[in-house]
Amino acid sequence: MLTHVGTNTIETERLTLRRFEYEDNESMRKNWIADEKIQSLYSEPVYSTAEEVKGLLDKYIGSYDREDYYRWAVIEKASGECIGQIAYFLVDSKNHFAEIEYCIGAAFQCRGYATEAAKAVIAYGFDRINLHKVQICTKTINKPSKRVIEKCGLTYEGTLRDYFYMNGEYVGRLYFSILRTEYAPEQ
């Protein structure tokens, strides 16, 4: 049985994962949410204006009263900037698993931030929510995301071929997962 605890702050070495706040609007637009390439890699629309981002923040912030809602702003401690987001966007309470989505702004990529955030959220899922399985999917064209998933210790499960139609071509969806019995917390 899952123990839903909601979105609580998680501290890592270089990041604070916390609930979104309306004050994140500007750094979200500057760092990632208005970037078409970043948003398309995880099949999300671009939010270009402060009003559009506020509408999304209304949805995020309004959902925090639910104990089974898990979405974090990824805050770089050094700058205080919101550099991305990470979430258990799919939580299956009946079958005790959840799926993670994440994105990090282009200027902050290749620094290990996505891996650091994903490892922390995986730990949260097993240690706090009592998940049996955590899964992450990525597009076949997103090689950096595939590296993040592998660094987090997930096992490749399979590919759904031609799952997405993007820019005039089909793209597959790769599935990875880790089971509670395979999870080893970092010391």
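What you are looking at is a predicted structure, and each value in this text was computed from that prediction instead of being measured. (Residues numbered from 1 in each chain as written. Predicted model: local features only at pLDDT ≥ 70, side-chain atom pairs only at ≥ 80, totals over all residues. Heavy atoms only, no water.)

A closer look at the nonpolar core
Counting residues in hydrophobic clusters, the biggest one holds 38 residues, and the most contacted among them are Leu17, Trp72, Ile86, Tyr88, Ile100 and Ile122. Top element by residues in this core is helix 4 (residues 113-129). It accounts for 11 residues. In contact with isoleucine 86, not counting residues within four places along its chain, are Leu17, Arg71, Trp72, Val74, Ile100, Glu101, Tyr102, Ala117, Ala118 and Val121. Core analysis: the next-biggest nonpolar cluster, separate from the first, contains 17 residues, Ile38, Leu56, Tyr64 and Ile75 among them. (Core = buried A, V, L, I, M, F, W, Y, C linked by side-chain atoms within 4.5 Å. Buried < 20%, exposed > 50% of the residue type's maximum accessible area, 1.4 Å probe, protein only. Helix = DSSP H or I, 4+ residues; strand = E, 2+ residues; numbered from the N terminus. Contact = heavy atoms within 4.5 Å.)

Observations regarding the environment of histidine 4
Locating histidine 4 in the fold gives a position in the segment before strand 1 (10-11). By relative accessible area, which is 24% here, histidine 4 ends up partly exposed. Once the C-alpha coordinates of histidine 4 and arginine 128 are considered, the two residues, 124 residues apart in sequence, prove to be 7.9 Å apart. A polar side-chain atom of histidine 4 sits 2.9 Å from a polar atom in the side chain of tyrosine 70. A polar contact of 2.8 Å, which involves the side chain of histidine 4, links it to the side chain of serine 93. (Polar contact = N/O pair within 3.5 Å; in protein donor to acceptor, adjacent residues only side chain to side chain.)

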